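Listed here are the chains, written in short residue letters.
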Amino acid sequence: MDESDSTNELMASVGEAINAWSSIEWALDGLFGSISGTDSTRSSIIMASIISLEARLQVIDNLIGQISIRDELRTYWSRCFIRIKKQARKRNELAHFTVVSRFFEGKGKSPVLLPYFSVGRLSIAPAKNGTPVIRELGHKDIQHRASVFYGLAAAVRWLSVEMRVEQGKRAVNHLPITDLVQLLLQPIDQTPTES
């Protein structure tokens, strides 16, 4: 595979990761609809009108604070909220980058993604042999982020349906309980440190 093929593969993985992030945003629209009693068209219009992700998350958080739900679902949302905010920084690195070529011993030149923000952090980055470390993202790093984003979207969709069950609008939550959903549902005293 030549360098241009590797670059195309890297760019395709960025596209997949951005698509995965978008699935979180769509899931948040659904959650907003579930907790506000708004139909899917109106909830999407309202949420899409709010540009800032942090503002959308805060709107949902404020609404959840005003409705009657089981404590475990309130805790579940709180954990989702924290994870989404943390992952938003990683999404931003994928949205603002340049592709650079690096020489890897035994592999030759290969493209990597250099997040724009990493250049500004050089002065505070840990040093390796006296040289600041620039965080570069390769194909596998980006694929991992996409997987995490898809997992978070599934967790938010699960909560959205569970809220409808809680309100008596659905008989049962048909969505699978993924490993992340199980982790987010664990009682506080059994939950490992948030990641």
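Not measured: the values here are computed from a predicted model.

Novice: Could you clarify how one ought to interpret the overall build of the protein chain in this entry?
Specialist: When helices and strands are tallied, the protein chain shows seven helices and four strands. Put simply, 63% of the contacts in the protein chain that link residues at least 6 apart link residues at least 24 apart. For the protein chain, the exposed surface amounts to about 11,100 Å²; the carbon and sulfur share of it is 54%.

Novice: Would you mind going over the pattern of salt bridges with me for this structure?
Specialist: Oppositely charged side chains are able to pair whenever their charged atoms sit close together. Here the structure, examined in full by the defined rule, presents six salt bridges. Notably, a salt bridge pairs Glu25 with Arg56, separated by 3.8 Å at the nearest N-O pair. Remark: Arg56 occurs in helix H3 (residues 53–66) and Glu25 occurs in helix H1 (residues 3–36); sequence separation between them is 31 residues. What makes Arg56 buried here is its relative accessible area of 10%. For the salt bridge of Glu166 with Arg70, the shortest nitrogen-to-oxygen distance reads 2.6 Å. Taken together, the residues span a long stretch of sequence, with Glu166 in helix H6 (residues 139–166) and Arg70 in the loop between H3 and helix H4 (71–95) at a distance of 96 residues. In this structure, a network of salt bridges that share partners links the residues Arg70, Glu72, Glu162 and Glu166.

Novice: When you look at the environment of Glu166 in this model, what are you seeing that I'm missing?
Specialist: Look at Glu166 and you get partly exposed, because its relative accessible area is 28%. Apart from the residues within four sequence positions on either side, Glu166 is in contact with Ser68, Ile69, Arg70 and Leu73.

Novice: Mind showing me how you'd approach the packing of H4 against H6 here?
Specialist: Helix packing geometry: the angle between the two helix axes and the distance between the axes. Where H4 meets H6, the closest approach of the two axes is 10 Å, and the angle between their N-to-C directions is 150°. Compared by their axis directions, H4 and H6 come out roughly antiparallel. Our pair here, H4 against H6, has a crossing hand that is left-handed. Judged by residue contacts, Leu73, Tyr76, Trp77, Cys80, Arg83, Ile84, Gln87, Lys90, Arg91, Glu93 and Leu94 of H4 engage Ile142, Arg145, Val148, Phe149, Leu152, Ala155, Val156, Trp158, Leu159, Glu162 and Glu166 from H6. In terms of residue class, the contact of H4 with H6 is made up of 14 nonpolar, one polar and seven charged.

Calculation rules
Per chain, residue numbering runs from 1 following the sequence as it is written. Residues qualify for local features only when their pLDDT is at least 70, as the model is predicted, and side-chain atom pairs are given and counted only at 80 or more; totals for whole chains, interfaces and linings, by contrast, use all residues. In computing side-chain values, all of the structure's heavy atoms are included and hydrogens and water are not. Secondary structure follows DSSP: runs of H or I at least 4 residues long count as helices, runs of E at least 2 residues long count as strands, and numbering of each begins at the N terminus. By the convention used here, residues are in contact when the closest approach between their heavy atoms is within 4.5 Å. Accessibility throughout is a Shrake-Rupley quantity obtained with a 1.4 Å probe, and a residue counts as covered only by protein chains that appear here. Salt-bridge detection follows one rule: a side-chain nitrogen of Lys or Arg within 4 Å of a carboxyl oxygen of Asp or Glu. When a residue's accessible area, from a 1.4 Å probe over protein chains only, is under 20% of the maximum for its type it is buried; when over 50% it is exposed; and in between it is partly exposed. Axes here mean lines fitted to C-alpha atoms, for a helix over just the part in contact, with angles spanning 0 to 180 degrees between N-to-C directions. Angles below 35 degrees are treated as roughly parallel, those above 145 as roughly antiparallel, those between 65 and 115 as roughly perpendicular, and all remaining angles as oblique. Crossings are classed by handedness, with left-handed meaning an anticlockwise turn of the near helix from the far one by less than a right angle and right-handed meaning a clockwise turn. Under the grouping applied here, Gly and all other residues not named as nonpolar or charged are polar, the nonpolar ones being Ala, Val, Leu, Ile, Met, Phe, Trp, Tyr, Cys and Pro and the charged ones Asp, Glu, Lys and Arg.

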